[in-house]
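So you can see what is in the structure, the chains are spelled out below.
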Amino acid sequence: MPLALDPAAQDLLFREARTANTFTDEPVTDEQVRAIYDLVKYGPTAFNQTPLRITLVRSPEARERLVRHMAEGNRPKTAAAPLVAILSADNEFHDDLPALLPHFPQAKDMFFAERPVREQSALLNAALQAAYFIVGVRAAGLAAGPMTGLDFAGVQKEFLDADHTPLMVVNIGRPGEDAWFPRSPRLSFDEVVTTV
């Protein structure tokens with residue numbers, strides 16, 4: 001077998017995992033979110049940077065403020081999900097590099113002294129971490145509903161600051177009734193992979 005991961009785990013993380021559109025009202029605990037993060041924090045990034053920031057939207061007041069910034073079709077899903085996370089990129093991630101890259105602490109100033117360079121790197125690496133986070137949600141036996149249909153400027157102003165760029169909103173919970181749309185097609189290996 002070419003994959004080391006057993007087929008049940010492959011199904012849980014990829015083949016059977018889907019973007020949920022409805023959720024049960026079973027809560028998602030802080031312990032579950034901590035376990036997810038403690039697993040996915042090991043995913044690789046450039047220079048071991050960790051720009052992903054996760055804002056958990058738990059209070060009804062915060063949820064109401066967030067729902068106003070979601071695209072019309074996403075509002076009911078975000079309003080009903082047991083937990084919603086705003087994933088963003090910290091554009092000042094380089095401040096942590098001396099601790100995260102102790103064998104090369106000068107990387108902070110050598111490569112990331114300029115804000116535009118940091119923003120580009122934060123966006124790419126936080127997006128990698130966001131993908132790990134979604135797979136981690138699946139590893140916890142939960143479903144994730146990642147969405148980019150939102151007013152990014154509004155979410156940034158409402159929940160973040162100028163140093164944090166919103167990437168997406170992720171609804172998290174146990175799938176509810178009629179949670180799935182039909183599976184959309186994927187490109188085949190031969191359509192994607194080229195050997196040179």
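Residues numbered from 1 in each chain as written. Predicted model: local features only at pLDDT ≥ 70, side-chain atom pairs only at ≥ 80, totals over all residues. Heavy atoms only, no water.

Engineer: Any chance you could break down the overall build of the protein chain for me, citing the residues and the numbers?
Structural biologist: A count of helices and strands for the protein chain gives nine helices and four strands. Counting helices and strands in the order they occur from the N terminus, the protein chain gives α-α-β-α-α-β-α-α-α-β-α-β-α. Counting only C-alpha atoms, the protein chain reaches 50 × 50 × 35 Å along its principal axes. The proportion of buried residues among the 196 residues of the protein chain is 41%. (Helix = DSSP H or I, 4+ residues; strand = E, 2+ residues; numbered from the N terminus. Buried < 20%, exposed > 50% of the residue type's maximum accessible area, 1.4 Å probe, protein only.)

Engineer: Provide a residue-level description of the nonpolar core, including the pertinent values.
Structural biologist: Of all hydrophobic cores here, the largest spans 23 residues; its most connected members are Leu87, Val137 and Ile172. Mapped by element, the contributors of at least two residues to this core are helix H2 (30-40), strand E2 (83-90), helix H7 (115-139) and strand E4 (164-173). Ranked by residues supplied to this core, first place goes to H7 with six residues. In this view, Leu87 contacts Leu52, Arg53, Ile54, Ala130, Phe133, Thr165, Pro166, Leu167, Met168 and Val170; residues no more than four positions away in its chain are not counted. (Core = buried A, V, L, I, M, F, W, Y, C linked by side-chain atoms within 4.5 Å. Contact = heavy atoms within 4.5 Å.)

Engineer: Talk me through the sheet that holds strand E3 (residues 143-147); I want residue IDs and the actual numbers.
Structural biologist: Strand order in the open sheet formed by four strands is E1-E2-E4-E3, with antiparallel pairing between adjacent strands. Each end of this open sheet is capped by a strand with a single partner; those strands are strand E1 (52-57) and E3. Strand-to-strand twist of the sheet, defined as the mean angle between neighbouring strand axes without regard to direction, takes the value 30 degrees. Across eight bridges, the pairing between E2 and E4 is antiparallel. (Pairing = 2+ DSSP bridges. Axes fitted to C-alpha atoms, helices over the stretch in contact; angles between N-to-C directions.)

Engineer: How would you sum up helix H1 (residues 7-15)? Please name residues and give values.
Structural biologist: Listed as buried for H1 are Ala9, Gln10 and Leu13. The buried residues of H1 occupy an angular sector of 100 degrees when the element is viewed end-on, so they sit on one face. Next to the buried residues of H1 lie H7. (Arc of directions from axis to C-beta.)

Engineer: Help me get a handle on H7, residues and values and all.
Structural biologist: When the terminal C-alpha atoms of H7 are compared, their 35 Å separation across 25 residues agrees well with the 36 Å that a helix rising 1.5 Å per residue should span. Turning to H7, its buried residues are Arg118, Ser121, Ala122, Asn125, Ala126, Gln129, Ala130, Phe133, Ile134, Gly136, Val137 and Arg138. (Expected span 1.5 Å × (residues − 1).)

Engineer: Which residues make up the pairing of E3, and what values do they have?
Structural biologist: For E3, the tally of buried residues reaches four of five residues, placing the bulk of the element in the interior. With five bridges joining them, E3 and E4 adopt antiparallel strand pairing. The residue of E4 that forms the bridge with Met147 is Val169.

Engineer: Could you give an account of the environment of Asn21, naming the residues involved and the relevant values?
Structural biologist: Tracing the chain through its elements places Asn21 in the loop between H1 and H2. By relative accessible area, Asn21 is classed as buried at 12%. Apart from residues no more than four positions distant in its own chain, Asn21 is found in contact with Lys77, Ala179, Trp180 and Phe181. Of note is the side chain of Asn21, whose polar atom sits 3.3 Å from the side chain of Lys77. (Polar contact = N/O pair within 3.5 Å; in protein donor to acceptor, adjacent residues only side chain to side chain.)

Engineer: If you had to explain the packing of H1 against H7 to someone new, which residues and values would you point to?
Structural biologist: Direction vectors running N to C along H1 and H7 enclose 130 degrees, while the axes themselves pass 9 Å from each other. The angle between H1 and H7 places the two elements in the oblique class. Seen from above, H1 lies across H7 with right-handed handedness. For the pair H1 and H7, the contacting residues are Leu12, Leu13 and Phe14 in the first and Val135, Arg138 and Ala139 in the second. Split by residue class, the contact of H1 with H7 holds five nonpolar, no polar and one charged. (Parallel < 35°, antiparallel > 145°, perpendicular 65-115°, else oblique. Left-handed = near helix turned anticlockwise from the far one by under 90°. Nonpolar A, V, L, I, M, F, W, Y, C, P; charged D, E, K, R; others polar.)

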